[in-house]
Amino acid sequence: MDGNVDSVAIVGGGDVGLLTALSIRQMNPDVDVSVVDDFRQEIPQVGKSTYREIQNILHGSLDIDEHQFISEVKPIWKASVFFRDWCDRPSFQYPFDPPDKYPNADTPNAVEHYYHHYDELYDSPDHLTRDEQIVAQGKSPWYYGPDGDLDRYDKVAYHLDTKRFNTFLRKLCHSRDISLVDDEITAVETTGQRIDGVRSTQHRYDADLYVDATGFNRVLRREQDVEFREFEFPLDAALNVRIDRPLSDVVPATVIETGDHGWFWQIDTYDDRDLGYVFASEYVDEETAMTEFREFITEVSPTGARSGADVAEADVDRYDFESGYYDRAWVANCLTIGNAEGFVEPLQSTALTANASLAVQFSNLLSSHGRVVDDAIRDAFNASVRRTWESIHDFIGIHYEYASGDTEFWEAMQSLDVSPRIDQITEEFDRYGYNWNVDVEDASHLAELKVFALPDFYTVMRNMGATSEFYETNDFEVSDDVVDERDRFYRQTKRQAANDHLTVEELYRGIMDF
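First, a word on scope: everything that follows refers to the structure included in this document. In this text, all values refer to a predicted model and were calculated from it rather than measured experimentally. Every chain is numbered independently, its residues counted from 1 as its sequence is written. It should be noted that, the model being predicted, local features are given only for residues of pLDDT at least 70 and side-chain atom pairs only at 80 or more, the latter also being counted only at that level, while totals for whole chains, interfaces and linings use all residues. Think of the side-chain values as coming from all heavy atoms in the structure, minus any hydrogens and water.

Let's shift gears to the overall build of the protein chain. Secondary structure elements are defined from DSSP: runs of H or I of at least 4 residues count as helices, runs of E of at least 2 residues count as strands, and each element is numbered from the N terminus. Helices and strands together make up the secondary structure of the protein chain, namely 15 helices and 26 strands. Only C-alpha atoms enter the radius of gyration; for comparison, a globular chain is expected to reach 2.2 Å times N to the power 0.38, where N is the number of residues. Relative to the globule expectation of 24 Å for 514 residues, the C-alpha radius of gyration of the protein chain, 23 Å, shows essentially globular dimensions. The principal-axis extent of the C-alpha atoms belonging to the protein chain is close to 75 × 55 × 55 Å. Put simply, the protein chain has 46 plus and 101 minus side-chain charges, and the middle of one group is 6 Å from the middle of the other. Working convention for charge: Lys and Arg count positive, Asp and Glu count negative, and His plus the chain ends are omitted. By convention, the point assigned to a charge is CZ for Arg, NZ for Lys, CD for Glu and CG for Asp.

Let us now look at the nonpolar core. Soluble globular proteins: nonpolar side chains tend toward being buried together. The definition of a nonpolar core used throughout is a set of buried Ala, Val, Leu, Ile, Met, Phe, Trp, Tyr and Cys residues joined through side-chain atoms within 4.5 Å. Here the term buried applies to any residue with accessible area under 20% of the maximum for its type, exposed to any over 50%, and partly exposed to those in between, with areas from a 1.4 Å probe on protein chains only. Residues Trp-86, Trp-330 and Tyr-400 are the most contacted members of the largest nonpolar core, which totals 127 residues. By definition, residues are in contact when any of their heavy atoms lie within 4.5 Å. Each residue touching Trp-86, except ones within four places of it in the same chain, is listed here: Phe-92, Ile-256, Thr-258, Trp-263, Leu-347, His-399, Tyr-400, Trp-410 and Met-464.

A few words now on the sheet that holds strand E13 (residues 194-199). On the basis of which strands lie adjacent, the open sheet formed by 3 strands has the order E12-E13-E14 and antiparallel pairing. Here the strands that pair on one side only, and so sit at the sheet edges, are strand E12 (187-191) and strand E14 (204-205). Note on pairing: DSSP must find at least two bridges between two strands before they are called paired. Inspection of the sheet shows E12 paired to E13 by 5 bridges, in the antiparallel sense. Residue pairing for E13: Ala-187 is matched across the bridge by Arg-199.

Looking now at the packing of aromatic side chains. Aromatic contacts are taken between Phe, Tyr and Trp rings whose centres are within 6.5 Å, Trp giving its six-membered ring; a plane angle under 30 degrees counts as stacked, one over 60 as edge-to-face, and the others as tilted. Following the criterion strictly, the structure yields 45 aromatic pairs and no others. Taking 4.2 Å as the distance between ring centres and 25° as the angle between the ring planes, the aromatic pair formed by Phe-264 and Tyr-277 counts as stacked. One end of the pair, Phe-264, is in strand E19 (residues 262-268); the other, Tyr-277, is in strand E20 (residues 273-279), with 13 residues separating them in the sequence. Neither residue differs from the other here; Phe-264 and Tyr-277 are each classed as buried. Ring centres of Phe-470 and Tyr-471 lie 5.3 Å apart, and the angle between their planes is 65°; this geometry places the pair in the edge-to-face category. Each member of the aromatic cluster is reached from another via a ring pair, and the members are Tyr-102, Tyr-114, Tyr-115, Tyr-118, Phe-429, Tyr-434, Tyr-458, Phe-470, Tyr-471 and Phe-476.

There is a patch of like negative charges on the surface, built from Asp-88, Asp-260, Glu-282, Glu-295, Asp-406, Glu-408 and Glu-411. Along the chain, the position of Asp-260 falls in the loop between strand E18 (253-258) and E19. Given a relative accessible area of 40%, Asp-260 falls into the partly exposed group. Residues with no salt bridge and a relative accessible area higher than 30% make up the patches, which join like charges within 9 Å and nonpolar side chains (Val, Leu, Ile, Met, Phe, Trp, Tyr) within 5 Å. Accessible areas in this description were obtained via Shrake-Rupley with a 1.4 Å probe; residue shielding takes into account the shown protein chains only. What makes a salt bridge here is a side-chain nitrogen of Lys or Arg within 4 Å of a carboxyl oxygen of Asp or Glu, nothing more.

Inspection of the entire model under this criterion finds 28 salt bridges. Arg-40 is the partner of Asp-182 in a salt bridge, and the nearest nitrogen-oxygen pair spans 3.7 Å. Of the two residues, Asp-182 sits in strand E11 (residues 179-182) while Arg-40 sits in the loop between strand E3 (32-37) and strand E4 (48-49), which places them 142 residues apart along the sequence. Asp-182 sits in the partly exposed class, given a relative accessible area of 41%. Since its relative accessible area comes to 66%, Arg-40 is described here as exposed. Salt-bridge contacts for Arg-421 lead to Asp-394; the nearest nitrogen and oxygen are separated by 2.2 Å.

Let us now look at helix H12 (residues 454-463). Counting buried residues in H12 gives 10 out of 10 residues, a clear majority hidden from the surface. Looking at H12, one finds that the buried residues are Leu-454, Pro-455, Asp-456, Phe-457, Tyr-458, Thr-459, Val-460, Met-461, Arg-462 and Asn-463. Of the surrounding elements, those touching the buried residues of H12 are strand E7 (92-95), helix H4 (110-121), helix H9 (375-401) and helix H11 (420-432). Following H12 by one or two positions, Gly-465 adopts a phi angle in the positive range, close to 105°.

Next up on the list: the sheet that holds strand E10 (residues 157-160). What the 3 strands build is an open sheet, ordered E4-E10-E5; its pairing is antiparallel. What marks the edges here is a single partner per strand, and that holds for E4 and strand E5 (76-78). Bridge count for E4 against E10 is 2 bridges, and the pairing is antiparallel. Considered in E10, the bridge of Ser-49 is made with His-159.

Axes are the key here: two packed helices are described by the angle between their axes and the distance separating the axes. Interaxial angles span 0 to 180 degrees and are taken between N-to-C directions of axes, which are lines fitted to C-alpha atoms, for helices over the stretch in contact. Orientation of H11 relative to H12, taken along the N-to-C sense of each, is 75°, at an axis distance of 11 Å. When the axes of H11 and H12 are compared, the pair comes out roughly perpendicular. Packed against H11, whose contacting residues are Ile-425, Thr-426, Glu-428 and Phe-429, the element H12 presents Leu-454, Phe-457, Tyr-458, Met-461 and Arg-462 at the interface. Amino acids outside the nonpolar list (Ala, Val, Leu, Ile, Met, Phe, Trp, Tyr, Cys, Pro) and the charged list (Asp, Glu, Lys, Arg) are all regarded as polar, and Gly is one of them. Of the residues belonging to the contact of H11 with H12, the class tally is 6 nonpolar, 1 polar and 2 charged. Any angle between 65 and 115 degrees counts as roughly perpendicular, while under 35 counts as roughly parallel, over 145 as roughly antiparallel, and the rest as oblique.

We now examine the state of the cysteines. Our working definition of a disulfide is a cysteine sulfur pair at a distance within 2.5 Å. Scanning all chains against the criterion turns up 0 disulfides. We note that Cys-173 lacks a disulfide partner, and the nearest cysteine sulfur, in Cys-334, lies 19 Å from it. Exposure remark for Cys-334: the relative accessible area of 0% places this residue in the buried category.

Turning our eyes to something else, we now look at helix H3 (residues 66-73). Within the sequence span of H3, burial applies to Glu-66, Phe-69, Ile-70 and Val-73. End-on, the buried residues of H3 take up no more than an arc of 95°, which puts them together on one face. With a side-chain oxygen positioned 3.2 Å from the backbone nitrogen of His-67, the residue opening H3 is Asp-65. At the C-terminal side of H3, Lys-74 shows a positive phi close to 55°. Working definition: the arc comes from the directions between the helix axis and the C-beta atoms, pointing outward to the latter. N or O atoms closer than or at 3.5 Å make up a polar contact, with two conditions inside protein: a donor-capable atom paired with an acceptor-capable one, and, for residues adjacent in sequence, both atoms drawn from side chains.

All right, on to the packing of H3 against helix H6 (residues 162-175) then. The interhelical angle for the contact between H3 and H6, taken along N-to-C directions, is 130°, at an axis separation of 9 Å. One finds that H3 runs oblique with respect to H6. Relative to H6, H3 is oriented so that their crossing is right-handed. Every residue of H6 that contacts H3 at Gln-68, Phe-69, Glu-72 and Val-73 is listed here: Arg-164, Phe-165, Phe-168 and Lys-171. For a crossing to be left-handed, the near helix must be turned anticlockwise from the far one by less than a right angle; the clockwise case is right-handed.

A few words on the environment of Asp-2. With respect to the helices, strands and loops of the structure, Asp-2 is situated in the segment before strand E1 (3-4). For Asp-2 and Val-451, which are 449 residues apart along the polypeptide, the C-alpha to C-alpha distance reads 30 Å. In this structure Asp-2 touches Val-373, Asp-374, Asp-375 and Arg-378, once residues within four positions along its chain are discounted.

This is the structure in C-alpha cells:
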C-alpha cells in the first residue's frame, strides 16, 4: 500500500498492542485508531520485567503521568539484573548505570581507571554503583533530596504486574479516544501480501493499515509470505508460577540463576513473587523440568510462603516460544509487532521495552512523513527492527559465550556459535580493553549494535571471566590518587543508598499510603 494512513486497526489487545495504539494516537492525533480483541479473556498473570528505556517511553514519549502510573499500576523498581548464580560463577549484577564504572575516554590517565576496574573492582562487593547498592541494600530509587522534596534516581526500570498494567493501559486508551472493540477475529481477507479486511463472525473491520499484535498466534502475519530468521538458541519453553511475598522482602532486581537445562527467574511485583524456569525441551521433559522448578521455588520462597512441594501442578503455567524474527516487520499494509514479529528469549527482559520502543519509532515515522507511506519508509522501519532483534540476540548470546556446566544442555551451549558480532566484540575487548570507540570498517558488525552498546557487553563479559590481553600483558601502574578517588566515590554511593533511599515498603506503606 502506498498513500496516506488515516485509520489503523490493531488486532490484539495485549500490552504491546495497547502501547502501539497509544503511540500512534500520541504522535498522530488525527488518525482513527482501534484495537480489536476478545477482552473478556483472562489477562495472563506472568510478571513482566523491563529495562531502563521504559521510563522514557512511558513518561516521556507517551506522556503518562508518573504519579498516576505508580498509584494504579504499583510497579516495583528494578535497578539491575542480578545473576545470583550463573554457570557457577560468583554472583554479579548488570546494573542500569554501568557508565559510573568507567570514566570518559578523555579523562586524564583514563587507562589507570580502566585497569583498576579490570584488575580489582569489577567483582568487588565494596565497589558498587548506586543501582547495585539499591539492590544490595533492598532499597527503592526514591529518596528525599536536600530541599526536602521526594526525588528519584532515574537509572531504573520497572517490574510490572501484567493484570494491573494491562488494565491501566485499557483505561488510558479509553481516555485518549482509542476504540477498544471486544470481538474475536475469525477470518483475514487478503490479496497477495495485502490485507483487504479482517472479520469476526458478525463484523468486518477495514483500515488503511493493520497491525498484528496477536503474539505467537500471528493471526495476520501467517497470511503473508515473509521469511523467518531463526536463532540457534535451543531454549523454547517456560514454567511460571506466583507465590506470596511481603513488601519487606522485595528484591529490586530481576534475579537469575542457572538450572540443569536452562535458567530460573525471580521477578518481584507489588502483589507477589513471580518465578519461572526457561528450559530447552530438546534436552529435558516437562516432568523433570517441573521437579527442578519445584526445588527452585522452595529455595526462594519467603518464610511462610508456599514451597515447591506445596505448589500444585495446575497452578503452574507453561509457555512455549520460538527464537527468531520475521525479516520484514512491515509488509504492504500490515505491520507486525511484539511476539507476532519476533522473540529472542527472556534472559534480559527485552520483549516489552524493545517493542514499546519500536512502536514509538513507527509512530514517529508516520508523523514525520505526514502519514504518507511508501517502500522507502517501510524499508527504513524494517531495517531498524532487524537491528533491534540482532542486537538483543547478540547481547543475550554473550551470556552463553562463557557458559559452563556438564549437562547435555550446557555442553551444547558452550559450543554455540552465536554471531560474527560476538566474535568481534570479544576480539576487541581482548585487544583494546575498555574501548568504546573502536573504528569499525564493516558496518554489518559492531556498527549495527542497537539497544545494547559495548559497555553493556563488557560489563557482563568481565564478570563471566573474560580477560583482555591488553591488560594482561602491559604493566600499568595505578596511582594512589585514582585508587582514593574510586574508593571515595563508592563509599559515598554506599552511604547515600543506606541513609537516603527509602525501601519499597516505606514508600508504598508510608509515603504513598497505598
